[in-house]
Amino acid sequence: MSVVAIIVSHDPELDRFRLVLDRASKQVGRVVVVDNGSKTKDVLRDLCDGVGNCDFVEVCFNSGVAYALRVGVNYAIKYGPDWLLLLDDDTVLMSNAVGKVLGLINNLPRFISDRVGAVLMGSVDGDCGINEVRYGRFSGNLIRADVAVRVCCRDDFFLDQADFDMYSRIRELGYFTLGVDCRLVDHRLGVKRWVPIISNILHRPIDYEPPWRYYYMIRNSTRLLIEGRMDFAFYMQQLINWGVRILLADGPWKSIKPLGLGIIHAMLNELGYVEPRVFT
């Protein structure tokens, strides 16, 4: 089965990006880098040209992950792939990760394998079992190409939760969304920061996202909740999980403002990009 990888880039760490590109180019037939207005776009283009099976597509501004992926999907589909592999510019594939996932799909009963819409590659150690999942991230996601054209991606969300929206739409089309329970990608989530109380208990920095990212999480999750695409338990888990970290790290105002604006804008269906300085 043929696979085209789509890597969305925006001012990546160059050494890390080289590794991302090198691993992807060796495991798929073609790589498409969609650049979201990077300052180092000329360097990224040269790196892409250097691997031999890579196309470089410029968006020319920071359009958000969802829009860039939609551009990438529409571009990549011309190669006629069976599957598309979605990657961030810092997500590194492990050895033969793509081959392992395709092998797992092929070993499923035919009535299941024919209805697999997307498979999320695991990022932690496990037994490589394959299970149904309801929510998944974009990066490290192998999605059937003809399905991707129909469901990718909700660009009015700009960033967060557009991946959850995509998974919901895949299932609405009658396809399975699966996950592989073992380390197939090295995926980075947010930044590490020392957060009072939590880090004191754990004796280490923890994953942290700034208030402007929390706004997108809340706004877009609330919109999905209103539309019936996200269940209330998962919604509350995200609200509390990330909100508490900002509350402890930055104070009440930095957590209350994005929370309040996110809920209000979701209820009014006011989506799209919002300047980060609003939350500083």
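Residues numbered from 1 in each chain as written. Predicted model: local features only at pLDDT ≥ 70, side-chain atom pairs only at ≥ 80, totals over all residues. Heavy atoms only, no water.

Asks: Tell me about the overall build of the protein chain, and name the residues and values.
Replies: If you tally the helices and strands in the protein chain, you get 11 helices and 12 strands. For 280 residues, the compact-globule estimate of 2.2 N^0.38 gives 19 Å, and the C-alpha radius of gyration of the protein chain, at 19 Å, lies within 12% of that figure. If one aligns the C-alpha atoms of the protein chain with their principal axes, the spans along those axes are about 50 × 45 × 40 Å. A separation threshold of at least 6 residues defines the contact pool for the protein chain, and within that pool the share at least 24 residues apart is 76%. Of the roughly 12,600 Å² of accessible surface on the protein chain, 54% is carried by carbon and sulfur atoms. Seen as two clouds, the 33 positive and the 34 negative side-chain charges of the protein chain have centres 2 Å apart. (Helix = DSSP H or I, 4+ residues; strand = E, 2+ residues; numbered from the N terminus. Rg over C-alpha atoms; globule rule 2.2 N^0.38 Å. Contact = heavy atoms within 4.5 Å. Areas by Shrake-Rupley, 256 points an atom, 1.4 Å probe, with all protein chains shown as cover. Lys, Arg positive; Asp, Glu negative; His and termini not counted. Charge placed at Lys NZ, Arg CZ, Asp CG, Glu CD.)

Asks: So what's going on with the packing of aromatic side chains? Residues and values would help.
Replies: With the rule as written, the count across this model stands at 11 aromatic pairs. On the basis of an interplanar angle of 75° and a centroid distance of 5.3 Å, the ring pair of Tyr135 and Phe164 is categorised as edge-to-face. A residue pair is termed long-range when its members are at least 10 positions apart, and Tyr135 in the loop between strand 7 (129–132) and strand 8 (141–144) and Phe164 in helix 7 (residues 162–172) qualify at 29 residues. Summarising the burial analysis for this pair, Tyr135 and Phe164 share the class buried. The side chain of Arg115 reaches across the aromatic face of Tyr175, ending 4.1 Å from its centre. The residue whose ring lies beneath Arg193 is Tyr208, and the NZ or CZ to ring-centre distance is 4.7 Å. (Phe/Tyr/Trp six-rings, centres within 6.5 Å; stacked < 30°, edge-to-face > 60°. Buried < 20%, exposed > 50% of the residue type's maximum accessible area, 1.4 Å probe, protein only. Lys NZ or Arg CZ within 6 Å of the ring centre and 35° of its normal.)

Asks: Residue-level account of the state of the cysteines, with values.
Replies: Summed over the entire model, instances satisfying the criterion amount to three disulfides. Here Cys48 engages in a disulfide with Cys54; their sulfurs sit 2.0 Å apart. Between Cys48 and Cys54, the S-S dihedral sits near -105°, and the bridge is therefore left-handed. Just as Cys48 is buried, Cys54 falls in that class too. Across a sulfur-sulfur distance of 2.0 Å, Cys128 and Cys182 are joined as a disulfide pair. (Disulfide = S-S within 2.5 Å.)

Asks: How would you sum up helix 3 (residues 65–76)? Please name residues and give values.
Replies: Because each turn of an α-helix spans 3.6 residues, side chains separated by three or four positions end up pointing in the same direction. An ideal rise of 1.5 Å per residue puts 16 Å on 12 residues; helix 3 measures up with 16 Å between its terminal C-alpha atoms. Within helix 3, the full set of buried residues consists of Ala66, Ala68, Leu69, Gly72, Val73 and Ala76. For helix 3, the angular spread of the buried residues around the axis is 160°, confining them to a single face. Elements in contact with the buried residues of helix 3: strand 1 (3–9), strand 2 (30–35), strand 4 (83–88), helix 6 (145–151) and helix 7. (Expected span 1.5 Å × (residues − 1). Arc of directions from axis to C-beta.)

Asks: Got a sec to walk through the pattern of salt bridges? Specific residues and values, please.
Replies: Going through the model one piece at a time under the given rule, you end up with 24 salt bridges. In this structure, the salt-bridge partner of Asp155 is Arg70, at a minimum N-O distance of 2.0 Å. Taken together, the residues span a long stretch of sequence, with Asp155 in the loop between helix 6 and helix 7 and Arg70 in helix 3 at a distance of 85 residues. Asp155 sits in the partly exposed class, given a relative accessible area of 28%. (Salt bridge = Lys/Arg side-chain N within 4 Å of Asp/Glu carboxyl O.)

Asks: Could you give an account of the packing of helix 9 (residues 211–226) against helix 11 (residues 252–267), with specific residues and numbers?
Replies: Close contact between helix 9 and helix 11 brings their axes to 8 Å; oriented N to C, the two are set at 35°. For the crossing formed where helix 9 meets helix 11, the hand is right-handed. Where helix 9 approaches helix 11, its residues Pro211, Tyr214, Tyr215, Ile218, Arg219, Thr222, Arg223 and Ile226 are matched on the opposing element by Lys254, Ser255, Pro258, Leu259, Leu261, Gly262, Ile263, His265, Ala266 and Met267. Of the residues assigned to the contact of helix 9 with helix 11, the class counts are 11 nonpolar, four polar and three charged. (Axes fitted to C-alpha atoms, helices over the stretch in contact; angles between N-to-C directions. Left-handed = near helix turned anticlockwise from the far one by under 90°. Nonpolar A, V, L, I, M, F, W, Y, C, P; charged D, E, K, R; others polar.)

Asks: Can you lay out helix 10 (residues 232–250) for me, pointing to particular residues and giving the numbers?
Replies: In this model helix 10 runs 26 Å from its N-terminal to its C-terminal C-alpha over 19 residues, within 8% of the 27 Å that 1.5 Å per residue would give. Three or more residues of helix 10 are buried, namely Phe234, Tyr235, Gln238, Leu239, Trp242, Gly243, Arg245, Ile246 and Ala249. Against the buried residues of helix 10 lie helix 7, strand 11 (191–193), helix 8 (198–202), strand 12 (206–208), helix 9 and helix 11. Gly251, located one to two residues past helix 10, shows a positive phi value of around 100°.

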